[in-house]
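Examining the three-dimensional arrangement
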Amino acid sequence: GAGVSQSPSNKVTEKGKDVELRCDPISGHTALYWYRQSLGQGLEFLIYFQGNSAPDKSGLPSDRFSAERTGGSVSTLTIQRTQQEDSAVYLCASSPRVPSGGGAKNIQYFGAGTRLSVL
Amino acid sequence: KNQVEQSPQSLIILEGKNCTLQCNYTVSPFSNLRWYKQDTGRGPVSLTIMTFSENTKSNGRYTATLDADTKQSSLHITASQLSDSASYICVVSALRGGSQGNLIFGKGTKLSVKP
């Protein structure tokens, strides 16, 4: 597609329920990132994928959070047994590869995010 | 510890005025520095990306500077417009390291341009 697409754009759920957030990166981008942004806060890194593998899962807040990526394309972020503190905007970004040097190819392109509200 | 700190946290200016946002970092080894603009309810969009050897870079009314010696960057906005109201995020890329995909994000400066 033309840009990074995330769905749903908004999700309201009850405490204790599981949710799945989807990210469709830009076609051909090998690197994919998940971030969380709470109200008035900066971006909090969750996990990134290089292809289908996740070299860095250090940002996942708890074992209730998991993510997978299949076919080097679509990624799903799953939150099990949601808690109220999980309420935030979850942003996905993709880039041609993992940024390790300068140049336009390393720019991250962000989706509009999924706004998750846990009641 | 790799960190990116931005100031001020928030800023209110009148339309037509100039402003400068600051970014200090302690990322090493340094690869490049980016400024993103994030409109409310949208994902961040890249404004500029600067490598070690670049001191200044412009994108329309936005001009970014980089001092790699002092590890400081600034984003200067000229003749501000109402549409400049957004959060501006400074992001520093480490040359290697693996953590966070090599990107370290600042918390952003929230700019409000008033008529």
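The sections below set out a description of the structure shown in this document. Fair warning: this is a prediction, and the values are worked out from it, not measured in the lab.

Counting secondary structure elements, chain B contains zero helices and 11 strands. When the elements of chain B are put in sequence order from the N terminus, they spell out β-β-β-β-β-β-β-β-β-β-β. For chain B, the C-alpha radius of gyration of 14 Å lies close to 13 Å, the compact-globule estimate for 115 residues. Projected onto its principal axes, the C-alpha positions of chain B cover 45 × 30 × 20 Å. Across the 115 residues of chain B, 45% fall into the buried class. Restricting the contact set of chain B to residue pairs at least 6 apart, pairs at least 24 apart contribute 57%. Accessible surface for chain B amounts to roughly 5,500 Å². Of this, 49% is attributable to carbon and sulfur atoms. The positive charge centre, built from 12 side chains, and the negative charge centre, built from 7, are 7 Å apart in chain B.

Now for the sheet that holds strand β8 (residues 75-79) of chain A. All names here are of chain A. Taken in spatial order, the four strands make up an open sheet running β1-β3-β8-β7, and their pairing is antiparallel. The open sheet has two edge strands, β1 (5-7) and β7 (65-69), and neither has a second partner. The sheet shows a mean angle of 15 degrees between the axes of neighbouring strands, taken without regard to direction. Where strand β3 (residues 19-24) meets β8, five bridges bridge the pair, whose relative direction is antiparallel.

What follows concerns the pattern of salt bridges. Evaluation of the coordinates by the stated rule reveals six salt bridges over all chains. Where Arg 36 of chain A meets Glu 44 of chain A, a salt bridge forms, and the shortest distance between an N and an O atom there is 3.0 Å. For Glu 44 of chain A, a relative accessible area of 30% gives the class partly exposed. The partner of Lys 37 of chain B in a salt bridge is Asp 39 of chain B, and the shortest N-O contact between them spans 3.9 Å.

Residues and elements named next belong to chain A. Overall, the coordinates contain two disulfides over all chains when judged by the stated rule. Here Cys 23 engages in a disulfide with Cys 92; their sulfurs sit 1.9 Å apart. Taking the sign of the torsion about the S-S bond as the criterion, the disulfide between Cys 23 and Cys 92, at about -65 degrees, is left-handed. Of the two residues, Cys 23 sits in strand β3 while Cys 92 sits in strand β9 (residues 88-95), which places them 69 residues apart along the sequence. Judged by its relative accessible area of 0%, Cys 92 is buried.

Here we come to the packing of aromatic side chains. The tally for this structure, following the rule as stated, stands at 10 aromatic pairs over all chains. On the basis of an interplanar angle of 70 degrees and a centroid distance of 6.1 Å, the ring pair of Tyr 35 of chain A and Phe 45 of chain A is categorised as edge-to-face. Of this pair, Tyr 35 of chain A sits in strand β4 (residues 31-37) while Phe 45 of chain A sits in strand β5 (residues 44-50), placing them 10 residues apart in sequence. On the basis of an interplanar angle of 65 degrees and a centroid distance of 4.8 Å, the ring pair of Tyr 35 of chain A and Phe 105 of chain B is categorised as edge-to-face. Here Tyr 35 of chain A is found in strand β4, whereas its partner Phe 105 of chain B is found in strand β10 (residues 103-105) on a different chain. Just as Tyr 35 of chain A is buried, Phe 105 of chain B falls in that class too. A cation over a ring is seen here: Arg 61 of chain B above Tyr 62 of chain B, with NZ or CZ 5.8 Å from the ring centre.

This part takes up the environment of Arg 69 of chain A. Residues and elements named next belong to chain A. Following the sequence through the fold, Arg 69 ends up in strand β7. Classification of Arg 69 as buried rests on a relative accessible area of 4%. Along the chain, Arg 69 and Ala 93 lie 24 residues apart, while their C-alpha atoms are 13 Å from each other. Contacts of Arg 69, omitting those with residues within four sequence positions, involve Pro 25, His 29, Thr 30, Ala 31, Leu 32, Phe 49, Gly 51, Asn 52, Val 74 and Ser 75. Of the polar contacts made by the side chain of Arg 69, one reaches the backbone oxygen of Thr 30; its length is 2.6 Å. There is a polar contact of 2.7 Å between the side chain of Arg 69 and the backbone oxygen of Gly 72.

Calculation criteria
Residues numbered from 1 in each chain as written. Chains lettered and ligands numbered in written order. Predicted model: local features only at pLDDT ≥ 70, side-chain atom pairs only at ≥ 80, totals over all residues. Heavy atoms only, no water. Helix = DSSP H or I, 4+ residues; strand = E, 2+ residues; numbered from the N terminus. Rg over C-alpha atoms; globule rule 2.2 N^0.38 Å. Buried < 20%, exposed > 50% of the residue type's maximum accessible area, 1.4 Å probe, protein only. Contact = heavy atoms within 4.5 Å. Areas by Shrake-Rupley, 256 points an atom, 1.4 Å probe, with all protein chains shown as cover. Lys, Arg positive; Asp, Glu negative; His and termini not counted. Charge placed at Lys NZ, Arg CZ, Asp CG, Glu CD. Pairing = 2+ DSSP bridges. Axes fitted to C-alpha atoms, helices over the stretch in contact; angles between N-to-C directions. Salt bridge = Lys/Arg side-chain N within 4 Å of Asp/Glu carboxyl O. Disulfide = S-S within 2.5 Å. Phe/Tyr/Trp six-rings, centres within 6.5 Å; stacked < 30°, edge-to-face > 60°. Lys NZ or Arg CZ within 6 Å of the ring centre and 35° of its normal. Polar contact = N/O pair within 3.5 Å; in protein donor to acceptor, adjacent residues only side chain to side chain.

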